[in-house]
Amino acid sequence: RSMLARETTVKLYDVGNGGAVKQYQQAIADGADMIVGPLDKDSLAELLAQPQVLSKPLLSLNYLTNNRSIPAALYQFGLLPEDEARQVAEFAAAHGQRTAIVLAPNSAWGERVANAFRATYQRNGGQVVALQQYADNPSKSYRQTIETALASSQGQASMVFLAASPSQARLIRPMLAEAAPNLPVYATSHIFSGRTDPAKDRSLDGIVYTEIPWVLQNIQSGSLNSSKYPRMVALGMDAFMIAKNLPEIARQPNAKLDGKTGQISLASTRQVQRNLSFATFNNGLPQPLGQ
């Protein structure tokens, strides 16, 4: 869906009804100053295949990472996993963790996240001493993968970066703790489902990971589980905030907004950047790091 955002007026347009181009043009004809959406990549690709129709700013809720040219009207915003991996790399390197083992699933997503971490880690003076892929199947034992990674690192690693889903992380973290109890583990928000389950997530205790402020705020207030997809709710709230403030943000390169998905700023590529909070698990519940 696309949204018409002008002052506080919002109108919804369903891209399933005739396609994204038709709905974009209808929104413009209805007087839209700003279009927010679409969410899915296929609809975004449809719009970018006809860049001449983009007469008003478009704040997409996804990214086309292999797009050859980005129209001047397009601003991209979404929950990009690579952004989180880069922030983990910067954070870990800044805190003296300069040699890392990377564990990632054998999948396109795992490769993207691992590569983003490694590139940023190396730029910040870090060295990946072992990169080990594991089977993208949470029912499989990962013990051999961990033993291979530790052997490959030859005792030189000062940390582990874990790219994983909640089910994968719940299995891998205890094995890591048993095999290498002194190695700190860092991860992205993908290790947490977005719904509290302390009985299952106690195995994640001690992991340092990136998390959006909205999740941490709602855990503290006890209201997180009232939303099935809290990160998508936060994305929508920030999209509306960005749309209302986009002219000001675009004029001021250093402008920052405190959003629900992180601290919001705009890159020179017109991609919205998010600076997330860092959190850890304590007794199976996420909490802000340092508390």
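Residues numbered from 1 in each chain as written. Predicted model: local features only at pLDDT ≥ 70, side-chain atom pairs only at ≥ 80, totals over all residues. Heavy atoms only, no water.

A.B. asks: Tell me about unusual backbone geometry, and name the residues and values.
C.D. replies: The omega torsion across glycine 37 and proline 38 is 0°, close enough to zero to call that bond cis. Within the fold, proline 38 resides in the loop between strand S3 (35-36) and helix H2 (41-48). The phi dihedral of arginine 270 is positive, around 65°, even though this residue is not glycine. Secondary-structure assignment places arginine 270 in the loop between strand S12 (263-266) and strand S13 (272-275). Not every positive phi belongs to a glycine, and asparagine 283 is a case in point at roughly 55°. On the secondary structure map, asparagine 283 appears in the loop between strand S14 (277-282) and strand S15 (285-288). Asparagine 283 gets classed as partly exposed once you look at its relative accessible area, which sits at 48%. (Helix = DSSP H or I, 4+ residues; strand = E, 2+ residues; numbered from the N terminus. Buried < 20%, exposed > 50% of the residue type's maximum accessible area, 1.4 Å probe, protein only.)

A.B. asks: Please provide a residue-by-residue account of the packing of helix H1 (residues 20-29) against H2, values included.
C.D. replies: For the pair H1 and H2, interaxial distance at closest approach is 8 Å and the crossing angle is 70°. As far as their axial angle goes, H2 and H1 are roughly perpendicular. Contacts between H1 and H2 involve Ala20, Val21 and Tyr24 from the first element and Ser43, Glu46 and Leu47 from the second. (Axes fitted to C-alpha atoms, helices over the stretch in contact; angles between N-to-C directions. Parallel < 35°, antiparallel > 145°, perpendicular 65-115°, else oblique. Contact = heavy atoms within 4.5 Å.)

A.B. asks: An account of the pattern of salt bridges is needed here, citing residue identities and associated values.
C.D. replies: Considering all chains together, one arrives at seven salt bridges under this definition. Ionic pairing is found between lysine 11 and aspartate 30, a salt bridge with its closest N-O pair at 3.3 Å. Within this pair, whereas lysine 11 is found in strand S2 (residues 9-13), its partner aspartate 30 is found in the loop between H1 and S3, the two being separated by 19 residues in sequence. Judged by relative accessible area, lysine 11 falls into the partly exposed class, the value being 38%. The partly exposed category is assigned to aspartate 30, whose relative accessible area is 33%. The closest approach of N and O atoms between glutamate 82 and arginine 112, which form a salt bridge, is 2.6 Å. Highlighted residues: glutamate 82 in helix H3 (residues 81-94) and arginine 112 in helix H4 (residues 108-123), separated in sequence by 30 residues. Note on glutamate 82: relative accessible area 9%, which makes it buried. (Salt bridge = Lys/Arg side-chain N within 4 Å of Asp/Glu carboxyl O.)

A.B. asks: So, the nonpolar core: which residues are in play, and what are the values?
C.D. replies: One finds Ile101, Leu103, Leu162, Ile172, Ile191 and Tyr209 to be the most contacted residues of the largest nonpolar core, which totals 35 residues. Sorting the residues of this core by element identifies strand S6 (99-105), strand S7 (127-134), helix H5 (143-153), strand S8 (159-162), helix H6 (166-179), strand S9 (185-187), helix H8 (213-221) and S14 as the ones contributing at least two each. Once you skip the residues sitting within four places of it in the chain, isoleucine 172 turns out to touch Leu103, Tyr134, Tyr142, Ile146 and Leu162. Membership of the second largest hydrophobic core comes to 21 residues, among which are Ala92, Phe117, Phe161 and Phe278. (Core = buried A, V, L, I, M, F, W, Y, C linked by side-chain atoms within 4.5 Å.)

A.B. asks: I'd like a rundown of the packing of aromatic side chains, residues and numbers included.
C.D. replies: Each aromatic ring pair is summarised here by two numbers: the centre-to-centre distance and the angle between the ring planes. Within the structure shown, the criterion is met by seven aromatic pairs. Between the aromatic rings of tyrosine 134 and tyrosine 142, the centroid separation amounts to 5.0 Å while the plane-to-plane angle is 65°, which identifies the pairing as edge-to-face. (Phe/Tyr/Trp six-rings, centres within 6.5 Å; stacked < 30°, edge-to-face > 60°.)

A.B. asks: If you had to explain the sheet that holds S8 to someone new, which residues and values would you point to?
C.D. replies: What links the strands of a sheet is backbone hydrogen bonding, and the strands pair in either a parallel or an antiparallel sense. With respect to topology, seven strands assemble into an open sheet ordered S7-S6-S8-S9-S10-S14-S15, the strand pairing being mixed. Of all strands in the sheet, those bounded by a partner on one side alone are S7 and S15. Across the sheet, the mean angle from the axis of one strand to that of its neighbour is 30°, orientation sign disregarded. Both S14 and S15 contribute to a ladder of four bridges, which runs antiparallel. Bridge pairing in S15 places asparagine 282 opposite leucine 285. (Pairing = 2+ DSSP bridges.)

A.B. asks: Quick one: what's the story with the packing of H5 against H6, residue by residue and with numbers?
C.D. replies: At a minimum axis distance of 10 Å, the contact between H5 and H6 shows a crossing angle of 45°. With respect to H6, the axis of H5 lies oblique. Both H5 and H6 take part in a crossing whose hand is right-handed. Where H5 approaches H6, its residues Arg143, Ile146 and Leu150 are matched on the opposing element by Ile172, Met175, Leu176, Glu178 and Ala179. Taken together, the residues of the contact of H5 with H6 break down into six nonpolar, no polar and two charged. (Left-handed = near helix turned anticlockwise from the far one by under 90°. Nonpolar A, V, L, I, M, F, W, Y, C, P; charged D, E, K, R; others polar.)

A.B. asks: Go over the environment of threonine 210, please, and point to the residues and values.
C.D. replies: Tracing the backbone shows threonine 210 in strand S10 (residues 208-211). Judged by relative accessible area, threonine 210 falls into the buried class, the value being 0%. Sequence-wise, threonine 210 and asparagine 275 are 65 residues apart; in three dimensions their C-alpha atoms are separated by 9.2 Å. Apart from the residues lying within four places of it in its own chain, the contact partners of threonine 210 are Glu84, Gln87, Val88, Ala187, Thr188, Ser189, Leu276, Ser277 and Phe278.

A.B. asks: Please give an account of the environment of leucine 204 that cites residues and values.
C.D. replies: Considering the arrangement of structural elements, one finds leucine 204 in the loop between helix H7 (198-201) and S10. Take leucine 204: its relative accessible area is 0%, and that puts it in the buried class. Separated by 186 residues in the primary sequence, leucine 204 and glycine 18 have C-alpha atoms spaced 45 Å apart. Those residues within four positions of leucine 204 in sequence are excluded, and the remaining contacts are Ala169, Arg170, Arg173, Ile191 and Phe281.

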